[in-house]
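Descriptive analysis of the structure
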Amino acid sequence: QVELVESGGGLVQPGGSLRLSCAASGFTFEDYAIAWFRQTPGKEREGVSCISSDSGNAYYGDSVKGRFTISRDNAKNTVYLQMNSLKPEDAAVYSCATDLVTKYFCSSWSAFNYWGQGTQVTVSS
């Protein structure tokens, strides 16, 4: 069955870095865009980044531009989110998702409809 599994979260100090991974199985990974979202208590889910199926296009939320980088290795069925210069406000549960309808492209945040379980990122001194 379709499955997305996030890993790589943890505790870092402000200014530190983490790399999250999203491992996919159960579908033709090379045909699908993958996005990262984050959510904290009391806030709506926020789109963080998206990458098209062939890595031809990447998008970032305004709050993370210049600090986060999304990439993918289709041979490994894995998408990564490199997070640098982390701030306390970056703390959240980070989830990856795919759009099983649009497939190839990052059309809109709202189009993503299949989710992983999430990994916790904590930024604190």
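A word on the pattern of salt bridges. Per the stated rule, a full pass over the model turns up four salt bridges. For Asp-90, the salt bridge identified is with Arg-38, shortest N-O distance 2.9 Å. Placement of the pair is Asp-90 in the loop between strand S8 (78-83) and strand S9 (92-98) and Arg-38 in strand S4 (residues 34-39), with a sequence separation of 52 residues. There is no split in this pair, since Asp-90 and Arg-38 are both buried. Owing to a relative accessible area of 1%, Asp-90 belongs among the buried residues under this scheme.

With that settled, the discussion passes to the state of the cysteines. The final tally for this structure, using the stated rule, is two disulfides. Cys-22 shares a disulfide with Cys-96; S-S distance 2.1 Å. Its S-S torsion of about 75° marks the bond between Cys-22 and Cys-96 as right-handed, since a negative value means left-handed. Placement of Cys-22 in strand S3 (residues 18-25) and of Cys-96 in strand S9 is noted, with a sequence separation of 74 residues between them.

The subject of this paragraph is unusual backbone geometry. Residues other than glycine seldom take positive phi values, yet Ser-85 does so here, at roughly 50°. Positive phi outside glycine occurs at Lys-103, with the angle close to 75°. Looking at the secondary structure, you find Lys-103 in the loop between S9 and strand S10 (114-115). For Lys-103, a relative accessible area of 25% translates into the label partly exposed.

Soluble globular proteins tend to pack their nonpolar side chains together in the buried interior. Within the largest apolar cluster, 26 residues are counted, with the highest numbers of intra-cluster contacts made by Trp-36, Phe-68, Val-79, Leu-81, Met-83 and Tyr-94. Put simply, the parts of the chain that give this core at least two residues each are S3, S4, strand S5 (46-51), strand S7 (68-73), S8, S9 and strand S11 (119-123). Discounting chain neighbours no more than four positions away, the residues touching Leu-81 are Leu-18, Arg-19, Leu-20, Trp-36, Val-48, Ser-49, Phe-68, Thr-69, Ile-70 and Tyr-94. Formed by seven residues, the second largest nonpolar core is a distinct cluster that contains Cys-50, Ala-97, Cys-106 and Phe-112.

What follows covers the packing of aromatic side chains. A full pass over the atoms with the stated rule returns six aromatic pairs. Plain terms: the ring middles of Phe-37 and Phe-112 are 6.0 Å apart, the flat faces sit at 65° to each other, and that makes the pair edge-to-face. One end of the pair, Phe-37, is in strand S4; the other, Phe-112, is in the loop between S9 and S10, and 75 residues separate them in sequence. Take Phe-37 and Phe-112: they sit in the same class, and that class is buried. Arranged with centres 6.1 Å apart and planes meeting at 55°, the rings of Tyr-104 and Phe-105 form a pair that is tilted. Accessibility expressed as a relative area gives 35% for Tyr-104, which makes it partly exposed. Aromatic ring contacts, followed pair by pair, group Phe-37, Trp-109, Phe-112 and Trp-115 into a single cluster. The positively charged end of Arg-45 is found above the aromatic ring belonging to Trp-115, 4.3 Å away from the centroid. In this arrangement the basic side chain of Arg-72 is found over the ring face of Phe-29, its NZ or CZ atom lying 4.3 Å from the centre.

What counts and how
Residues numbered from 1 in each chain as written. Predicted model: local features only at pLDDT ≥ 70, side-chain atom pairs only at ≥ 80, totals over all residues. Heavy atoms only, no water. Salt bridge = Lys/Arg side-chain N within 4 Å of Asp/Glu carboxyl O. Helix = DSSP H or I, 4+ residues; strand = E, 2+ residues; numbered from the N terminus. Buried < 20%, exposed > 50% of the residue type's maximum accessible area, 1.4 Å probe, protein only. Disulfide = S-S within 2.5 Å. Core = buried A, V, L, I, M, F, W, Y, C linked by side-chain atoms within 4.5 Å. Contact = heavy atoms within 4.5 Å. Phe/Tyr/Trp six-rings, centres within 6.5 Å; stacked < 30°, edge-to-face > 60°. Lys NZ or Arg CZ within 6 Å of the ring centre and 35° of its normal.

Function cannot be inferred from these measures alone, as they are strictly geometric.
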